Amino acid sequence: MIPVCRLQDLPEGASVRIDTTPPIAVFHADGELFAVDDTCTHQDASLSDGWLEGASVECPLHAASFDLRTGMPLCLPARRALRTHQVTVDDGMVVVRVAADVCQVAEEGSAA
Amino acid sequence: MRTVTVVGASLAGLYAARALRGQGFDGRLVVVGAEPHRPYDRPPLSKDFLTGKADEEQLALCDEEESAELDAEWLLGMPAQGLDPQGRAVLLADGRTLTTDGVVIATGAGPRMLPGPAYAGVHVLRTLGNARALRTELANGPRQIVVIGGGFIGAETASSCAALGHDVTVIEAAPLPLVPQLGADMAAFCAGLHQRGGVRLICGTGVAALHAGRTVTGSGGSAHDRAVTGVELTDGRLLAADLVIVGIGAHPQTRWLSGSSLALDAIDGGVICDDGCVTALPQVVAVGDVAKVGGIRAEHWTSATEQPAVAVRNLLAGRTTETLRTVPYFWSDQYGARIQFAGHRQDGDTVEIAEGSLAEGSFLARYERAGHTVAVLAVDRPRPFLRARRALRDPATDHPELSDPRSIRGPSGVHPRPSGHACDS
Ligand SMILES: Cc1cc2nc3c(=O)[nH]c(=O)nc-3n(C[C@H](O)[C@H](O)[C@H](O)COP(=O)(O)OP(=O)(O)OC[C@H]3O[C@@H](n4cnc5c(N)ncnc54)[C@H](O)[C@@H]3O)c2cc1C
Ligand code: FES
């Protein structure tokens, strides 16, 4: 579980990047909170710098767009989905629960 | 339309093939490409591919599944050699003729070469083949490299070579590189990036000659067997070099069109089209680096991906029903900085830093003409850039309160960091 920031510091339309490996982006969009991998699956750009349109985000480099609910790419040039992570609010604090497969990778990495 | 032939199997050609199928064309689709490869992405060639951070698989622009879905005949490693005056037949290098109802010209641009003999150790960077050759040489221990041309590709290549630990000098004939693209002030900032990366930049002098030494392999005596040893400048200086990279621009690849009835731009050689990418022949359209669309020829990745949808719509309609309404955009990654530019800059535009500063190396600059923003440039400011770029495209979005992707790591804000990375298991 990763505490991110206070909900009041992440108003509607805002985003934040957390420096996990790989980094995660948390968005407050369309009345909900979403957490997905921050690095675009196309090339090297940070989606927390992207453009929010409803519950989707457009990459700031080549304009691929992703559905924040599912992580699925909505248009080219991205062809692979982003990993989505669970995000909740706990006592006013935005908290991200990193998706298991990412954690596994991290654990394997640190065990090696 | 029963058959459409796309000539050029790269970015713009692939996007044209996608647009054809996407817009319901279900006839015969032939894609003719001079290179032996399936479409791949060029921008990484001077960046992550050269430094070894990206491999060939990551360059692929489409996968097997999509290729199958496109249901196209790919004639790869097969340059087109002619287009008949009516635009109804494409002549191939093996002598075959493809009769066709529509043609998409997507043959891109090829690198300008230096005059004189082709010595070993002299490279250009346009194709995967070029990049493989250069990457192999860069892996053979430290080199003394001279990059001729300080444009975007020259600068990115110099940056990648320096990152690999080579000794790099960039030669630029103009007093400063990138002035036509960015104007003097911003060009001066970008010139400073070379220094930041430990690369020497020599401006205001051209190349008089390349020097070469004895034969490389001992066999024969052709220029190819002689390896470059230095670059002689027009001011008389001689720079030692065992690797030279020539990045002096590109010209549209149109030689195959010489027997056609199509007009080429007198200055830059692009295929002249209206602002819907349609040539003088309604069933022939041109897209990407090769096309002069409504008076503008861009050599930008984004133009090559945006033009095909419009071109194909007009091709299938048989006349121009749609025109391009996009704002030119490009990016460049060099020396750890991401440069992004959008809009139409002209000499005489004023430029103003709107956010950040040159000193901190991260800023958004606005180019203005008659009180209006006509172009924007950002260095490591992706977020305000995105907004400014959208505002250029659609002035209605230039209201901060409208879908402003605010950040809680604003200039004065803190960048919240997680207190732990542990997995909750
Ligand atoms: C090293 C490098 C880095 C770049 N970096 C950036 C960047 O950071 N940002 C950016 O915006 N843009 C960048 N660009 C530009 C971008 O890659 C081009 O704008 C884009 O590739 C243009 O696509 P295109 O399909 O029009 O042409 P091309 O990609 O040039 O493809 C044309 C294809 O047509 C083929 N062809 C030519 N003649 C014939 C013929 N007679 N018959 C059949 N086929 C033929 C060629 O072999 C080639 O495969 C870069 C380019 C290079 C080379
Ligand atoms: S890096 Fe996101 S679309 Fe290219």
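Presented here is an overview of the structure given in this document.

Quick notes on the rules
Residues numbered from 1 in each chain as written. Chains lettered and ligands numbered in written order. Predicted model: local features only at pLDDT ≥ 70, side-chain atom pairs only at ≥ 80, totals over all residues. Heavy atoms only, no water. Pairing = 2+ DSSP bridges. Helix = DSSP H or I, 4+ residues; strand = E, 2+ residues; numbered from the N terminus. Expected span 1.5 Å × (residues − 1). Buried < 20%, exposed > 50% of the residue type's maximum accessible area, 1.4 Å probe, protein only. Near = heavy atom within 4 Å. Polar contact = N/O pair within 3.5 Å; in protein donor to acceptor, adjacent residues only side chain to side chain. Areas by Shrake-Rupley, 256 points an atom, 1.4 Å probe, with all protein chains shown as cover. Salt bridge = Lys/Arg side-chain N within 4 Å of Asp/Glu carboxyl O. Axes fitted to C-alpha atoms, helices over the stretch in contact; angles between N-to-C directions. Contact = heavy atoms within 4.5 Å.

1. What to know about the pairing of strand β9 (residues 93–97) of chain A
Residue and element names in this part refer to chain A.
Move 1: Pairing of strand β1 (residues 2–6) with β9 involves four bridges; the strand directions are antiparallel. Opposite Arg6, over in β9, you have Met93 as the bridge partner.
Move 2: Where strand β8 (residues 84–90) lies against β9, five bridges are found, and the strand directions are antiparallel. Paired with Val87 across the strands is Val96, a residue of β9.
Move 3: Here β8 folds back onto β9, and the loop between the two strands holds two residues, one of which, Asp91, carries a positive phi near 55°.

2. Topic: helix α9 (residues 382–393) of chain B
Move 1: Look at α9(B): 16 Å from first C-alpha to last across twelve residues, which is about the 16 Å you get at 1.5 Å a residue.
Move 2: Of the positions making up α9(B), those classed as buried are Arg383(B), Pro384(B), Phe385(B), Leu386(B), Ala388(B), Arg389(B), Arg390(B) and Ala391(B).

3. Details of the site of ligand 1
Residues and elements named next belong to chain B.
Move 1: Near ligand 1 there are 33 residues, and of these Glu35, Arg42, Lys47, Arg126 and Asp289 occur at the shortest range.
Move 2: Here an oxygen atom of ligand 1 sits 3.3 Å away from a polar atom, N or O, in the main chain of Leu11.
Move 3: In this structure, Trp301 approaches ligand 1 through a main-chain N or O atom, which is 3.1 Å from an oxygen atom.
Move 4: Taking 1,000 Å² as the accessible area of ligand 1 by itself, protein coverage stands at 94%.

4. Things to note about the pattern of salt bridges
All names here are of chain B.
Move 1: As enumerated under the stated definition, the model contains 32 salt bridges over all chains in all.
Move 2: For the salt bridge of Asp242 with Arg143, the shortest nitrogen-to-oxygen distance reads 4.0 Å. With a gap of 99 residues between them, Asp242 in the loop between β15 (238–240) and β16 (243–246) and Arg143 in the loop between α4 (128–138) and β10 (144–148) connect regions that are remote in the sequence.
Move 3: Assessed through its relative accessible area of 15%, Arg143 is described here as buried.
Move 4: Sharing partners across several salt bridges, the network here consists of Asp265, Asp268, Lys292, Arg297 and Glu299.

5. Section: the sheet that holds strand β1 (residues 3–7) of chain B
Backbone-to-backbone hydrogen bonds join strands into a sheet, with any given pair of strands oriented parallel or antiparallel.
Residues and elements named next belong to chain B.
Move 1: The strand order across the open sheet formed by five strands is β3-β2-β1-β7-β19, and the pairing between neighbours is parallel. The sheet is open, and its two borders are formed by β3 (73–76) and β19 (284–286), each paired with just one other strand. The sheet shows a mean angle of 15° between the axes of neighbouring strands, direction not considered.
Move 2: Bridge count between strand β2 (residues 28–33) and β3: four bridges; the pairing is parallel. Across the sheet, the residue bridging to Val30 is Glu73, located in β3.
Move 3: The sheet contacts of helix α1 (residues 11–22) involve β1, β2, β3 and β7 (102–105), and relative to β2 the element is tilted by about 175°.

6. Overview of the side chain of Glu156(B)
All names here are of chain B.
Move 1: Tracing the backbone through its elements, the reader meets Glu156 in helix α5 (residues 152–163).
Move 2: Exposure remark for Glu156: the relative accessible area of 3% places this residue in the buried category.
Move 3: A polar contact of 2.7 Å, which involves the side chain of Glu156, links it to the side chain of Ser332.
Move 4: If we skip the residues at most four places from it in the chain, Glu156 touches Pro43, Ser46, Lys47, Trp331, Ser332, Asp333 and Gln334.

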